[in-house]
Amino acid sequence: VSGQNSVTGMVIDANTDDPIQNVLVSVAGNNNKEVVTDASGVFKLTNIVVGEVDVVFKKDGYSILRMPVTITEGQEIDLGTILLKKFIQEDVTLISLTDDELNDDSTAADNISGLLQSSRDVFLRTAAFEFGSTFFRVRGLDSENGTVLINGIEMNKQFNGRPQWSNWGGLNDVVRNQELTNGLSASDYTFGGILGTTNINTRASQYRKGGRVTISSSDRSYTSRVMATYSSGLLESGWAYTVSAGRRWGDEGFNDGTFYDANSLFVSVEKKLNDNHSLNFTGIYAPNRRGQSSANTQEVFDLKGIRYNDFWGYQDGEKRNSRVRRVVEPILMLNHFWNIGENTTLNTNVAYQFGEQGRSRIDFGGTDLDASGFPIGSGVNVSPTYYQKLPSFFARNNPENPALAFGAQQAFIEGGQIDWAELYRVNQDRLVAGGNAVNIVYEDRTDDRQFTANTILNTAINDNITLNAGATFTSLTSENFAEVTDLLGARGYLDVDNFADDLANDPGSVQNDLNNPNRLVGEGDRFRYAFDIESNTIGGFAQAQFKYKKIDFFVAGSVKNTTYQRIGLYRNGGFPNKSFGEGEKLSFTGIGAKAGFTYKLTGRHLFDFNGGYITKAPSIRNTYSNSRENHDIVPNITEEKITSFDASYIYRSPIIKARLTGYYTKMEDANEISFFFADGIGGDNQAFVQEILQGVDKRHLGGELGLEAQVTSTIKLKGVASVGQFTYDNNPDLYLSSEDFEETQYLGKSTLKDYRIAGGPQRAFSLGFEYRDPDYWWFGATTNFFSNAYIDVSPLQRSSNFYTDFDGQPFNDYDPELARELLRQEQFDDYMLVNLIGGKSWKLGDYYVGFFASISNVFDKEYRTGGFEQGRNANFRELRDDSALPTRVFGNRYWYGRGRTYFLNFILDSKQNKKIKIAVSLDNAEIIKTKQMKANKIFSLIAVLGTMGLVITSCVQDDEFAIPTGTTTVDPGLTANATFQNMVARYQQAASNGDDIAEIALDEAEIIIEGYVVSSDQAGNFFEEIVIQNKTDGSDDAADPRLGFRVDINQSGLFQRYGFGRKVYIKMNGLAIGLENGVYAIGKPNGNDIDQIQPFELDDFVVRSTEVASITPKSTTIAELTPADENTLIQLNDVQFSLNVLGSTYAGEASDSFDGFRNIEECVAGGTIALQTSTFADFKSLTIDDRKGTIQGIFTRDFGDDTNVLVINTLADIDFTETVRCDPDVLDCTGPVSTATTIFEQDFETITNEAQLDALGWTNVNVSGGSERYEDGSFSGDRYMVISAFGTGEDPLEAWLVTPAINLDGTTQEEVSFNISANFETGTVLEAYATENFTGDPTTTEWTLLSVNIPVGGSGFGSFVPLDANISCLNG
């Protein structure tokens, strides 16, 4: 027995007609009502709640489809064939974000674009793909506030709380199956963060069967990329596998010396043990290396430009980068999926990640031991931008000798890179003298080993309530150390601290490890520091989701305990008593509570509210003040606290989707730690310090707007705005620690309140469009504007250290007003970026070929993405003196965005869906059981045949089918009290008074009309409208003449409720009637316009009867049609498509931007009319019928009210069965032709007035009684003759342009050729003829039609089409 209240159907590819497997079909707002399509694309949703629901179809690589359906008790609705369209851009949008290795530099602004890649929300998509290059942060939040999962296992690093995107970089094909929840919204997998949750699904059975190869080129981070992926799909044996491999490489990206070298490998294998249990293994290995780029002062950018990078230099003719980021961290994962019952699932997962991260740099402080055992010697800073090498340093210290500054400037301009040869030379000299290395290259290493286990339970209590719960345990061992990677030609390096001072009183302070003093290390040895961090977390969450017709809401809670312990492996000489062995074991307990609700005013208007309170452990990075040297933790450390709220208004319709959100977030008790060398500590002292901000509060307040409009079938507009204010909300405590201090120093409060938080622009706006051609090419452009970006301020400069001398008293020359100006936060200049994007796809057999290209920052705009104040000028005097210089020595350091860049992508995609068509008679059909049938459970015949992949035909007649009912199955008991003619008279009276519409007020006496539906949107040729007429046949009478109305309704899929022939009652009170596009339309009054009736009020105005009538169209000729026939069903007999459109599709040509127009001509009556077909019709790409016969459809006007057209409901309305057409005789010359000699030519290049043609013997005449005839025209240097009825008022217009007589008696093998361009017309209106006896009057001459394929006009200016015809059989 099939389930009650069910929806069935078959999903196929809109381009190939192939069934699509594994499409997720669900009821919107109810996660428990979802199924996937089988191998034949068939699905069945059962036990759906009564009322109006949206059935949603989702499949990776396809556009999401929502279909409104009205469910009544005990009803089974068959949606028939559902077409999903490939979303070509989605295949290429995951291009550079993960490949760019987001959050690459620890000092750079964090970027959250990777969190947003899977979103369909226009604001979040724009933030990811348009704003990402500017380090824009959604709501000003770092990525640590969002949670990234793979198969339910969290991927955020405990070190800094951020996801390490490079761990799966270059695997775009296999990480695109993502589920995103925005902000505090409910997630089925975890409690999540305030920025949202992204779960990446890597189950092998969920990937589409087939392969893909991608080849890319770029000048951003890498220059070349190759990826290949293959998925088996779920095999009959229950196995499924997916493998993917990729390589990305480049000698140099946008910034100088930034090489890229990355490989990627992915494997996922799943075994479906039975219907309830499945195991999946996932392995990811993505080693990558890349050269980093530097932040520079404005002085450096002015001299070298924004591509400059001071981290590299030439070695043996090759660029070598000293700062290399290296990540090798494989991920192994095993997932168990258990369907406990029909409504309950349990996913249990274990994962192990291990490997290493390294960041290289140059150490130039190598020393030797003197006779007494003290380290001596050292090198010089090798950075080309070291302040003592720049012109500003010499200008400040030697103002009397400007030649020094000029010399430094020229040296920097001509060189300005690391001198690797010099580093080797210095080491070689030391080696010859028997000494140690001065310069080496080493890596700061982090080698993590992390084990994670979790389980996630989802259960549906009933149709309205779903419970989610999960528990997670994580164990991390993090090894941290420095390792020598290159001695640069030396024999060894002395492992001591060359920054240590006061050696006379504390000689041991120079030792990095007192347990191994004066150790000489070589390549591959650990040195400087070595410690482990042990961390364990255990936690869980619980959540309840409630979904009802008008309101959805959820509540969730979480608890998580986190422990940290530092284990020192070196006894640091500066901190001998608190660096070695086990440090204090820290424990933090975080809790979370959040709730949200959505109120659905209507299906289009929604209001969404979310709020939450979260406490969480600080990250490892922000817990230890100087973990490389000692056990010290941040003073007074505690859990961070977050309070967050947001409220949204959401509007969604088939044309417009919009979201307006306001938000507020308060963060408290956060910690921030920085490391730098400072001048002016406690007066005039210098020290390498750790700056500790404790108890930081921040406030994030703002709004978001995202809007997109599908203004036509091919053009989409989008607009996005983000306006925020992100500020420090208190004056946190400031501490300094250093080897130079015995104890951590408390400097009091840092006055940061109301300073702006750095990290990208706080205001961003975007305006763009996208054009998608029916021929599968597309193009888009966006203009993006950014403002309110700020420098990262120095907390030390805003503390008591700034204005106090060594004795703790204020400087005697301290000037508060000047100090205020010096400490004013720098705001970056506003800027605008323009980006272009486009692509094309082709289907070649079983393969898709796609090409994609983008250009970012088209106008090569220079702009700052971030920066920071150098903390070196730690007090008022230092900053005052430095700021007074024409060019600051210690000016702010900046990152600049990329200039103009490109990205090219080529995709070859194979599909493996094979379709088998089998005809099955249902006469005496027996019940069939499937192999997977459970005991005593019988599936309905349609489900069985769907599983087998059959296409069924039967002997049932066309009119023997059940029409889906709406909200009632009984007659409404209404009686019409007005006629269509009454409504027309009502409008005509209003029009005579100067009104555009006739509004029927609610407080008038009730007016009801009745009619019969004669349109259907099932095939997609009608959209959000029904057409009704007052007759069931072609009859007419004076008292109640035959008339029709269009009813505008803001809902698709109307055929389910208002099927063909359904009698409906229209309650006119509250509605209006008027002329829209030239025909009578009924809808909601809106000023002088007719608006659509909304779905929530549909039953109040358009009421179905139980009667379904048989509709007989009016049989007529084109000439007999009058305005009274508009919006009615007519039938034309003995008609055919014009000869010149044969071979075309109904609306699938490149020129069919909105609709296709194909001329139909009568064989006897001689009239013509255009058949109008929507480019959304499911038959648009089928070739038009080349036979003749009858056709029925709705007689109406085109969109611009320019001409009469005929619109059919389905292809069944065309009944062309006669193979012998009634085409006119055409000139049929079959002899050979030659173009060797031109006997007549006219290119119109000298014709500047059509009268000149008269003198040349041409006949240019209007034979329809008007004055319009062919005129001369020109465009881009080309001259031609043109005819147009636009703006003339002539209807009809028939004009002839006849050449002078051409003598063919003395020639043979003749051919005529000409160029034609047809534009802005709704069919073919041009014809070419020839005659041997022209009378001078085209209407009295016997003409022979030339066999040429005149082009069909489109909706824009087209190109000239060359045509030719064989006329070798003509004489005279």
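Numbers given to residues run from 1 along each chain, matching the order in which its sequence is written. In keeping with the predicted nature of the model, local features appear solely for residues at pLDDT of at least 70, side-chain atom pairs appear and are counted solely at 80 or more, and the whole-chain, interface and lining totals rest on all residues. The side-chain figures draw on all heavy atoms in the structure; neither hydrogens nor water molecules are used.

## A closer look at empty space enclosed by the protein
Using protein atoms alone on a 1 Å grid, points that fit a 1.4 Å probe yet trap it form a cavity, whereas open point sets bounded by protein on both sides within 12 Å along at least five of seven lines form a pocket; residues with an atom within 4 Å of a point count as lining. Grid points are joined across faces, edges and corners, and a volume is the space filled by probe spheres set on the points. Overall, the coordinates contain 15 cavities of 30 Å³ or more when judged by the stated rule. In this model, the largest cavity occupies a volume close to 1,000 Å³. Taken together, the residues of the lining of the largest cavity sort by class into 17 nonpolar, 27 polar and six charged. Gly falls in the polar group here, along with every residue not listed as nonpolar (Ala, Val, Leu, Ile, Met, Phe, Trp, Tyr, Cys, Pro) or charged (Asp, Glu, Lys, Arg).

## Let's talk about the sheet that holds strand 11 (residues 196-200)
We treat two strands as partners when DSSP finds at least two bridges between them. A run of H or I in DSSP counts as a helix once it spans at least four residues, and a run of E counts as a strand once it spans at least two, with each numbered from the N terminus. Strand order in this open sheet of four strands is 9-8-11-10, and the pairing throughout is mixed. Pairing within the sheet leaves two strands with one partner each, and these edge strands are strand 9 (153-154) and strand 10 (178-182). Here strand 8 (residues 146-150) pairs with strand 11 via five bridges, running parallel. Residue pairing for strand 11: Val148 is matched across the bridge by Thr198.

## Quick word on the state of the cysteines
Disulfides are defined as cysteine sulfur pairs within 2.5 Å. The final tally for this structure, using the stated rule, is two disulfides. Two residues share a disulfide in this structure: Cys1163 and Cys1222, whose sulfurs sit 1.8 Å from each other. As the torsion about the S-S bond is roughly -70 degrees, the Cys1163-Cys1222 disulfide counts as left-handed. In this pair, Cys1163 sits in the loop between strand 60 (1155-1162) and strand 61 (1168-1174) while Cys1222 sits in the loop between strand 64 (1214-1218) and helix 12 (1251-1255), placing the two residues 59 residues apart along the sequence. Of the residues examined, Cys1222 reaches a relative accessible area of 25% and is grouped as partly exposed. There is a disulfide in this structure between Cys1229 and Cys1369, and the S-S distance comes to 1.8 Å. Relative accessibility decides the category of a residue: with a 1.4 Å probe and only protein chains considered, values under 20% of the type maximum give buried, values over 50% give exposed, and everything between is partly exposed.

## Topic: the packing of aromatic side chains
Side-chain rings of Phe, Tyr and Trp, where Trp is taken by its six-membered ring, are said to pair if the distance between their centres is within 6.5 Å; with planes under 30 degrees apart they count as stacked, over 60 as edge-to-face, and otherwise as tilted. Under the definition given, this model contains 50 aromatic pairs. On the basis of an interplanar angle of 70 degrees and a centroid distance of 4.9 Å, the ring pair of Tyr386 and Tyr387 is categorised as edge-to-face. Of the residues examined, Tyr387 reaches a relative accessible area of 16% and is grouped as buried. When the ring of Trp1296 is compared with that of Trp1343, the centres are 4.9 Å apart and the planes differ by 25 degrees; the resulting orientation is stacked. With Trp1296 in strand 68 (residues 1295-1298) and Trp1343 in the loop between strand 70 (1329-1330) and strand 71 (1344-1345), this pair connects stretches of sequence that are 47 residues apart. These aromatic residues form a ring-pair network of at least three members: Phe131, Phe136, Phe786, Tyr831 and Tyr863.

## Here's the deal with the pattern of salt bridges
If the charged atoms of two oppositely charged side chains come close together, the side chains can form a pair. Salt bridges are defined as contacts in which a side-chain nitrogen from Lys or Arg sits within 4 Å of a carboxyl oxygen from Asp or Glu. Considering all chains together, one arrives at 68 salt bridges under this definition. Connected via shared salt-bridge partners are Arg326, Glu356, Glu443, Arg445, Asp447 and Glu483.

## Re a negative patch on the surface
Two distance rules govern patches: like charges are joined within 9 Å, and nonpolar side chains (Val, Leu, Ile, Met, Phe, Trp, Tyr) within 5 Å, applied only to residues with over 30% relative accessible area and no salt bridge. Here the accessible surface of atoms and residues is derived via Shrake-Rupley with a 1.4 Å probe, and residues count as covered only by protein chains that are part of the display. Counted as positive: Lys and Arg. Counted as negative: Asp and Glu, with His and the chain ends omitted from the count. All charge positions are set by atom: Lys at NZ, Arg at CZ, Asp at CG, Glu at CD. Together, Asp995, Asp996, Asp1089 and Asp1091 line one region of the surface with negative charge. According to the relative accessible area criterion, Asp995 is partly exposed, its value standing at 41%.

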